[in-house]
Structure formats: structure tokens, C-alpha cells
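Chain residues, written in single-letter form:
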Amino acid sequence: MLDGKKVLFSGMQATGNLTLGNYLGALKNWTTLTDEYQCFYSVVDLHSITVRQDPAELRKRARNLLTLYIAAGLDPEKNCLYYQSHVTGHAELAWILNCFTYMGELNRMTQFKDKAAKHADNINAGLFTYPVLMAADILLFQSDVVPVGKDQLQHLEITRDIATRFNGIYGDVFTIPEPYIGKVGAKIMSLQDPVKKMSKSDENPNASIYLMDDPDTIIRKFKRAVTDSEACIRYSDDQPGIKNLIDIFSACSGMTAEQIVADYEGKGYGDFKLAVGESVVNVLKPIQDRYAELQKDKAYLDSIIKTNAEKAQYYSNKTLRKVQKKVGFPERVR
Ligand code: ATP
Ligand code: LTN
């Protein structure tokens with residue numbers, strides 16, 4: 001608990017351009033939780049260097065992502081929005097937790113297997129211990145809830161295991177966090193291969209809607225979206241392309257899947273795809289406008305970055321000092 005509220009932590013990597021999947025699966029849910037919880041939303045740049053990055057590009061993307069957090073509706077006065085690399089406790093706690101995590105546990109992580117296959121020339125130790133750093137992010141703030149997409153559930157599970165193990169040895173040090181999965185948009189699929197998740201690192205730009213895509217591009221991508229030859233709009237696993245479009249439409253319009261299916265009964269895929277595209281444009285346009293405005297105000301963004309990092313550093317130090325004491329590091333002389 002922090003100031004009478006439960007604590008929430010989540011983060012996103014500044015690698016690649018954000019997609020509609022990132023927005024519907026993560027960011028959008030984040031904005032609905034800010035009143036109920038004391039929220040920490042980080043741009044997790046320490047995680048990003050587990051794969052090679054161009055330094056100037058990473059710095060630029062990190063700032064853009066933080067700007068996008070605000071543009072998407074996260075109020076930086078109410079939510080702590082900061083760069084992970086500005087708060088020293090993440091790396092410090094990660095080291096300690098490394099010593100409480102087993103190789104066998106990390107070996108089972110599917111994200112590691114996927115990324116190792118994708119970056120076979122750079123399977124570094126950071127990529128392997130990535131989930132430990134993620135556990136540190138979460139546990140550092142004594143987080144109660146962690147809103148993520150379904151693909152991150154395995155990392156949440158290992159976080160809980162590490163925390164439980166640590167508490168088992170040293171007493172009640174960490175709050176055991178619960179995942180929070182949004183009701184709609186938990187897994188948005190690729191527009192070109194609807195059995196694969198929409199991903200910002202997909203090489204095919206038509207597979208993803210980027211948050212900064214202009215309206216024409218969005219409509220064009222939906223028109224080209226891969227569907228099937230059934231010629232009927234049903235919410236079924238047998239029609240993954242249509243099912244994905246219904247999910248997107250539902251998340252962007254507020255209508256339920258049943259309502260959508262009823263409305264489009266007997267109509268062609270062309271009309272349907274256009275309607276889905278328009279609903280997405282309506283959601284993204286205001287975010288894009290606000291983003292453009294924020295980008296002009298350098299001094300405002302800089303002040304947010306500074307004060308929020310200080311706030312995060314302050315709260316994280318509380319947990320870190322406690323953990324350091326528990327494991328037996330000497331007290332600091334004041
Ligand atoms: P990459 O392609 O670089 O692995 P990504 O697009 O999969 O990136 P992440 O940075 O791994 O995105 O995820 C950021 C957040 O967005 C996470 O909470 C994740 O669960 C969520 N997310 C990512 N892709 C989707 C998706 N297709 N549908 C729903 N949520 C998603
Ligand atoms: N691994 C996550 C990003 C991430 C995160 C976190 C999410 C890093 N630390 C802590 C929630 C809580 C991802 O790839 N989406």
C-alpha cells in the first residue's frame with residue numbers, strides 16, 4: 001500500500017514503433033487503472049539492451065515512448081512515469097534476485113527461447129536473466145498488480161516464485177504481485193498472419209497498425225488484412241482473421257463481439273473491414289494530436305522526467321534498503 005492505495009507497476013520497451021497490440025493490450029488498460037492504484041509506469045530501457053540497439057535511436061525512442069504514455073492519457077502528476085535507467089534500484093535488486101533464481105527456471109521461459117532463436121548471434125546473459133530484471137522492477141515497488149498482455153504471464157509467474165522463495169527465507173519482504181489482464185484486446189493478432197501476435201518487431205509493416213500511422217494507411221492495412229473465404233462474420237477460432245478484427249473493433253468501439261456479429265450479419269468483408277479501420281482511426285487520432293503537441297514542449301517533458309525519476313528512486317530505495325539488510329549487507333554509516 002502506498003498513500004492508502006494498492007500499488008501497480010508496468011513497463012514497456014522502447015524498441016520499435018508501438019503497435020495497436022501494445023495499445024489495446026497494455027497502454028489502454030493502464031489509463032483505466034490510474035485512479036484506483038498508485039501507478040508506476042516505466043520505459044524499461046535496461047531491458048532493451050538485451051538486444052543490440054543504436055544508442056541515438058534508443059534514446060530517441062525512449063523519449064517518444066514516455067511522451068506517448070502521456071499522450072495516451074496517463075497523467076504524469078498522478079502516475080509515476082520514468083526511465084528505468086534513471087532509477088538505480090532496478091539493477092541493484094536484479095543482482096540480488098539473480099542469486100535467488102535457478103537456471104532451470106530461466107531455461108523454461110518461452111520469450112527467451114524465441115528471442116534466442118531470433119538473435120542467434122547474440123545470446124547474451126542479459127537476455128537469459130531478463131525475467132529477473134523484470135521481477136526486480138515489480139518487486140522494487142511492492143506492487144500488488146501488474147497489467148500485461150497474455151504473453152507476459154510466464155514472467156509474472158516467475159516473479160511470484162522468486163518473491164515467494166525470498167520471503168520463505170527472510171520473512172515477509174515482498175508483496176506477491178497479481179497479473180492484470182484486460183478484458184478486451186489481451187492478444188491482438190497480426191493482420192497478415194492472424195495466428196501470430198501483432199508485434200512491433202514484425203518485418204512486414206502491413207502486419208501491424210502503428211500508433212502513428214495516418215488514417216489512410218490504417219484503412220489501407222485493414223482492407224488488406226488476411227481473412228478467409230467463408231464470407232461470413234462469425235466469432236470463431238476457425239476464422240482467426242475475422243475473430244481478430246472483431247476483437248479490435250470491440251476494443252475500439254466499446255461494442256461486444258455479439259453486437260458486432262449481429263450488426264454485420266449478411267454484410268461483406270469489405271464493409272466490415274472499413275468499419276474496423278474507422279473505429280481504429282477514431283481512437284488513434286486524438287492520441288496522435290496530443291503527442292504532436294507534447295513534443296513541442298521540451299521543458300515540460302524534461303521536468304516530468306526529472307521529478308518522476310526522483311519519486312521512483314525514493315520509493316524504490318525503501319524496498320532496496322530492506323532487502324540489502326535482510327541478505328546481510330552492512331548498514332550504511334550516516
Ligand atoms: P517485440 O516485438 O519487440 O517483442 P511487442 O510488440 O511484442 O515487442 P512488448 O514490448 O513485448 O511488445 O510488449 C509491451 C506490452 O504490450 C506488453 O504488456 C505486452 O503484453 C503487450 N502486447 C504486445 N503485443 C501485444 C498484442 N499483440 N496484443 C496484446 N498485447 C500486446
Ligand atoms: N517484459 C515486458 C516489459 C517489462 C515489464 C516489466 C512489464 C519489463 N519489466 C515489469 C511489466 C512489469 C515486455 O516485454 N512487455
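This text goes with the structure placed above it.
Calculation criteria
Residues numbered from 1 in each chain as written. Chains lettered and ligands numbered in written order. Predicted model: local features only at pLDDT ≥ 70, side-chain atom pairs only at ≥ 80, totals over all residues. Heavy atoms only, no water. Near = heavy atom within 4 Å. Polar contact = N/O pair within 3.5 Å; in protein donor to acceptor, adjacent residues only side chain to side chain. Areas by Shrake-Rupley, 256 points an atom, 1.4 Å probe, with all protein chains shown as cover. 1 Å grid on protein atoms, 1.4 Å probe; cavity = no way out; pocket = protein on both sides within 12 Å on 5 of 7 lines; lining within 4 Å. Sits in = over half its atoms within 2 Å of the grid points. Nonpolar A, V, L, I, M, F, W, Y, C, P; charged D, E, K, R; others polar. Helix = DSSP H or I, 4+ residues; strand = E, 2+ residues; numbered from the N terminus. Expected span 1.5 Å × (residues − 1). Bend = angle between axes of the 7 residues up to and from the residue. Buried < 20%, exposed > 50% of the residue type's maximum accessible area, 1.4 Å probe, protein only. Pairing = 2+ DSSP bridges. Points joined across faces, edges and corners; volume = space filled by probe spheres on them. Contact = heavy atoms within 4.5 Å. Salt bridge = Lys/Arg side-chain N within 4 Å of Asp/Glu carboxyl O. Phe/Tyr/Trp six-rings, centres within 6.5 Å; stacked < 30°, edge-to-face > 60°. Lys NZ or Arg CZ within 6 Å of the ring centre and 35° of its normal. Right-handed = clockwise from strand over helix to strand, strands pointing away.

Not every one of the 13 residues close to ligand 2 is listed here, only the nearest: Phe9, Tyr130, Met134, Asp137 and Gln152. At 2.7 Å from a nitrogen atom of ligand 2 is found a side-chain nitrogen or oxygen belonging to Asp137. Considered on its own, ligand 2 offers 370 Å² of accessible surface; in the complex 90% of this is hidden by protein. Cavity membership is defined here by more than half of the atoms lying within 2 Å of grid points; on that basis ligand 2 lies in the largest pocket. Of the residues contributing to the shell around ligand 2, the split by class is seven nonpolar, five polar and one charged.

Further remarks concern the site of ligand 1. The full set close to ligand 1 counts 20 residues, and Asp151, Ile188, Lys197, Ser199 and Ser201 are the nearest of them. Within the contact set of ligand 1, an oxygen atom lies 2.4 Å away from a side-chain nitrogen or oxygen of Ser199. Expressed as a share of its isolated accessible area of 600 Å², the protein-covered part of ligand 1 is 93%. For ligand 1, the cavity whose grid points lie within 2 Å of the majority of its atoms is the largest pocket. Broken down by element, the residue count for the shell around ligand 1 peaks at four residues, all from helix H1 (residues 20-32). For the shell around ligand 1, the class distribution of residues is six nonpolar, nine polar and five charged.

With 16 residues, helix H7 (residues 125-140) ought to run about 22 Å at 1.5 Å a step, and its terminal C-alpha atoms sit 22 Å apart, in line with that. At Pro131, H7 shows its maximal bend, which comes to roughly 40°. With respect to burial, H7 is a largely interior element, 13 of its 16 residues being buried. The opening residue of H7 is Asn124, an N-cap whose side-chain oxygen sits 2.9 Å from the backbone nitrogen of Gly126. Count one or two residues on from H7 and you reach Gln142, which has phi positive near 55°.

Turning next to the pairing of strand E3 (residues 80-83). A two-sided burial pattern is seen for E3, the buried positions comprising Cys80 and Tyr82 on one face and Leu81 and Tyr83 on the other. The pairing of strand E2 (residues 37-43) with E3 spans four bridges and is classified as parallel. The residue bridging Phe40 from the neighbouring strand is Cys80, located in E3.

Turning next to empty space enclosed by the protein. A full pass over the atoms with the stated rule returns one cavity of 30 Å³ or more. In terms of residue class, the lining of the largest cavity is built from four nonpolar, two polar and one charged.

Attention now goes to the environment of Gln192. Structurally, Gln192 can be placed in the loop between strand E5 (178-180) and helix H9 (215-223). As for Gln192 and Lys221, which are separated by 29 residues in sequence, their C-alpha atoms are 9.2 Å apart. Residues within four places of Gln192 in sequence aside, it is in contact with Asn204, Asn206, Ala207, Arg224, Ala225 and Val226. At 3.4 Å, the side chain of Gln192 forms a polar contact with the backbone oxygen of Arg224.

The next point concerns the pattern of salt bridges. Taken as a whole and assessed by the stated rule, the structure comprises 16 salt bridges. Across the pair Arg165 and Glu105 runs a salt bridge whose closest N-O atoms are separated by 2.7 Å. Here the residue Arg165 occupies a position in helix H8 (residues 153-170), and Glu105 occupies one in helix H5 (residues 103-107), the gap between them amounting to 60 residues. Classification of Glu105 by relative accessible area gives buried; the value is 8%.

Moving on, we come to the packing of aromatic side chains. Counted under the stated rule, the structure contains 15 aromatic pairs. Aromatic side chains Phe249 and Phe272 sit 6.0 Å apart centroid to centroid with 65° between the ring planes, which places their arrangement in the edge-to-face category. Residue Phe249 is found in helix H10 (residues 240-253), and its partner Phe272 is found in helix H12 (residues 269-296); the two are separated by 23 residues along the sequence. What makes Phe249 buried here is its relative accessible area of 6%. For Phe272, a relative accessible area of 0% corresponds to the buried category. In this structure an aromatic cluster arises from ring pairing among Phe9, Phe40, Tyr82, Phe141, Tyr314 and Tyr315. Directly above the ring of Tyr264 sits Lys267, whose terminal nitrogen or CZ lies 5.1 Å from the centroid.

With seven of seven residues buried, E2 lies mostly within the body of the structure. What you see with E2 is no split at all: Tyr37, Cys39, Tyr41 and Val43 on one side and Gln38, Phe40 and Ser42 on the other are buried throughout. Between the parallel elements strand E1 (residues 6-12) and E2, the chain passes through H1 in a crossover that is right-handed.

Each pocket or cavity is described by its volume, and for the largest pocket that value is around 1,400 Å³. Taken together, 49 residues make up the lining of the largest pocket; nearest its centre are Gln111, Lys115, Asp151, Gln152 and Lys197. Contributions of two or more residues to the lining of the largest pocket are made by E1, H1, helix H6 (110-118), H7 and strand E4 (145-147). Broken down by class, the residue content of the lining of the largest pocket amounts to 18 nonpolar, 19 polar and twelve charged.

Keep in mind that these numbers describe shape and distance, not what the molecule does.
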